[in-house]
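Observations on the three-dimensional arrangement
Chain by chain, the residues run as shown.
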Amino acid sequence: AKRCGRATYRIFDSLRRAAELNTLLLADRIPDALAAGEIQLYYQPQFTIGDRRLIGMEALLRWMPPGGAPIAPDQLVLAAEQTGFIAELGEWVIHEACRQISQWRNQGLETVPVAINVSGVQFLRGELTQIITKHLEHFRLPGRSLEIEITETIALDNTEGILRELHELRQAGLGVAIDDFGTGFSSLSYLRYFPINRIKIDRTFVNGCLEFRENAAICKTIVSLAHNLGCQVIAEGVETDEQLDFLLQQGCEEVQGYLLAKPLPAEAASEWLKEHCH
Ligand code: C2E
Ligand code: CA
Ligand code: CA
Ligand code: CA
């Protein structure tokens, strides 16, 4: 048994090292890919459940190497985090989202806040608010044009610095949402002092909320927790009418998911806005 364990360990160890190597090789290609325009933002609409009103768009990274298979955004972000390139990539996301919002405004398309995902690493230099404000000002956009999505793992490190940054962002008019709520390992205590205005129910809970009692209970609990804290609550990954009905019954007021709209490339998102917003 001991030998078997050692062999298994060796296999896992070399698998892990292969994965690390793969991440490094990937990370190496990111700067050129970004410069070559292989990396883009897609936009996924968010709605109220009751009257299907558009309330926002989430910006999601897409990397399509020419002739190759698309690279998953979480893999891209992980690779960028490990080499420190996440600062540049993250700033590119901020710039690109602002540029797109500005274009929509100029075209007279209704503009709702665009939510961008921010990695915890982007908070470490303590300059996130300055960077975001710089790009908003460059495009003459109000702070409410953006919402930032953070995960709860952020509450684990450098809490004071992050707290200050979040307050500055809220003061500048930006929304702050907690993404993938309930999937991290942090305690709930940060909810008392983090200036959050929206909680996102992770799609692993939404998925199977009708098949599994536990998922239903978790969704229900997150909705009432959010409301008791005075936060809005949005469910992500909604794929069926039954899930939508269930969430509506629980008092959840906002949704995002393939059932209503998939993430769209900028061009398609513009067309979509033209058709849906009048
Ligand atoms: P996330 O922030 O939780 O994003 C939601 C993910 O769920 C997206 O996957 C979206 O395409 C997917 N999704 C939306 N509706 C449905 C649905 O109805 N069913 C299913 N099965 N999936 C749905 P995506 O685009 O692959 O992004 C994966 C993750 O990559 C994101 O998870 C986020 O953690 C990360 N990510 C994406 N863009 C960025 C970025 O600009 N910066 C950072 N730091 N992370 C990003
Ligand atoms: Ca997100
Ligand atoms: Ca999420
Ligand atoms: Ca996620």
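Residues numbered from 1 in each chain as written. Chains lettered and ligands numbered in written order. Predicted model: local features only at pLDDT ≥ 70, side-chain atom pairs only at ≥ 80, totals over all residues. Heavy atoms only, no water.

Details of the coordination of the calcium ion (ligand 2)
Ligation of the calcium ion (ligand 2) by protein atoms is provided by E58 (OE), N117 (OD1), E149 (OE) and D179 (OD), these donors lying 2.1 to 2.3 Å from the ion. The metal-metal distance between the calcium ion (ligand 2) and the calcium ion (ligand 3) is 4.1 Å, with D179 coordinating both. Here E58, found in strand 2 (residues 54-63), pairs with N117, found in strand 3 (residues 114-117); they are 59 residues apart in sequence, far enough to count as distant. Judged by its relative accessible area of 4%, E58 is buried. (Donors = N, O, S within 2.8 Å, 3.2 Å for Na, K, Ca; no water. Helix = DSSP H or I, 4+ residues; strand = E, 2+ residues; numbered from the N terminus. Buried < 20%, exposed > 50% of the residue type's maximum accessible area, 1.4 Å probe, protein only.)

With respect to the state of the cysteines
Per the counting criterion, the structure on display carries zero disulfides. With no disulfide of its own, C209 lies closest to C219 among cysteine sulfurs, the gap being 5.1 Å. Note on C209: relative accessible area 3%, which makes it buried. (Disulfide = S-S within 2.5 Å.)

Looking at helix 5 (residues 159-171)
With 13 residues, helix 5 should reach 18 Å at 1.5 Å per residue; the first-to-last C-alpha distance of 18 Å fits that figure. Residues G161, I162, L163, E165, L166 and L169 constitute the buried set of helix 5. Looking at the packing, one finds that the buried side of helix 5 touches helix 4 (128-138), strand 4 (146-151), strand 5 (175-181) and helix 6 (190-193). Directly beyond the C-terminal end of helix 5, a positive phi value near 100 degrees is found at G173. (Expected span 1.5 Å × (residues − 1). Contact = heavy atoms within 4.5 Å.)

Observations concerning the site of ligand 1
What surrounds ligand 1 is a group of 21 residues, the closest being R62, D179, R203, E239 and Y258. Between ligand 1 and the protein, one listed contact pairs an oxygen atom with a side-chain N or O atom of E58 at 3.3 Å. Protein burial of ligand 1: of its 810 Å² of free accessible surface, 86% is covered by the chains. For the shell around ligand 1, the secondary structure elements donating two or more residues are strand 2, helix 2 (73-83) and strand 5. Ranked by residues supplied to the shell around ligand 1, first place goes to strand 2 with four residues. Looking at the shell around ligand 1, its residues break down into eight nonpolar, five polar and eight charged. (Near = heavy atom within 4 Å. Polar contact = N/O pair within 3.5 Å; in protein donor to acceptor, adjacent residues only side chain to side chain. Areas by Shrake-Rupley, 256 points an atom, 1.4 Å probe, with all protein chains shown as cover. Nonpolar A, V, L, I, M, F, W, Y, C, P; charged D, E, K, R; others polar.)

Focus: the confidence of the model for the chain
Predicted confidence across the chain gives a mean pLDDT of 93, with 99% of residues reaching 70 or more. For this predicted complex, the interface confidence reaches an ipTM of 0.97, while the overall pTM sits at 0.93. (pLDDT = per-residue confidence, 0-100.)

Here we look at helix 8 (residues 213-228)
The end-to-end C-alpha distance of helix 8 is 22 Å, a good match for the 22 Å that 16 residues give at a rise of 1.5 Å each. Every buried residue belonging to helix 8 is among N215, A216, C219, I222, V223 and A226, and all of these are buried. Taken end-on, helix 8 shows its buried residues confined to a sector of 130 degrees, consistent with a single buried face. Among the exposed residues of helix 8, those pointing more than 90 degrees away from its buried face are R213 and N228. Against strand 5, strand 6 (198-201), helix 7 (203-206), strand 7 (232-236) and helix 9 (241-249) lie the buried residues of helix 8. G230 lies just past helix 8 and shows a positive phi near 75 degrees. (Arc of directions from axis to C-beta.)

A closer look at the pattern of salt bridges
For the structure shown, the criterion picks out ten salt bridges. Between E149 and K200 there is a salt bridge; the shortest N-O distance is 2.8 Å. Note that E149 is positioned in strand 4 and K200 in strand 6, a separation of 51 residues in sequence. Grouping residues by exposure puts E149 and K200 together as buried. The partner of K274 in a salt bridge is E271, and the shortest N-O contact between them spans 3.2 Å. Here K274 pairs with E271, and both are found in helix 10 (residues 266-276), just three residues apart, close to one helical turn. On the basis of relative accessibility, which here comes to 38%, the residue K274 falls in the partly exposed class. Residue E271 is classed as partly exposed on the basis of its relative accessible area of 40%. Overlapping salt bridges bring together E58, E149, K200 and E236 as one network. (Salt bridge = Lys/Arg side-chain N within 4 Å of Asp/Glu carboxyl O.)

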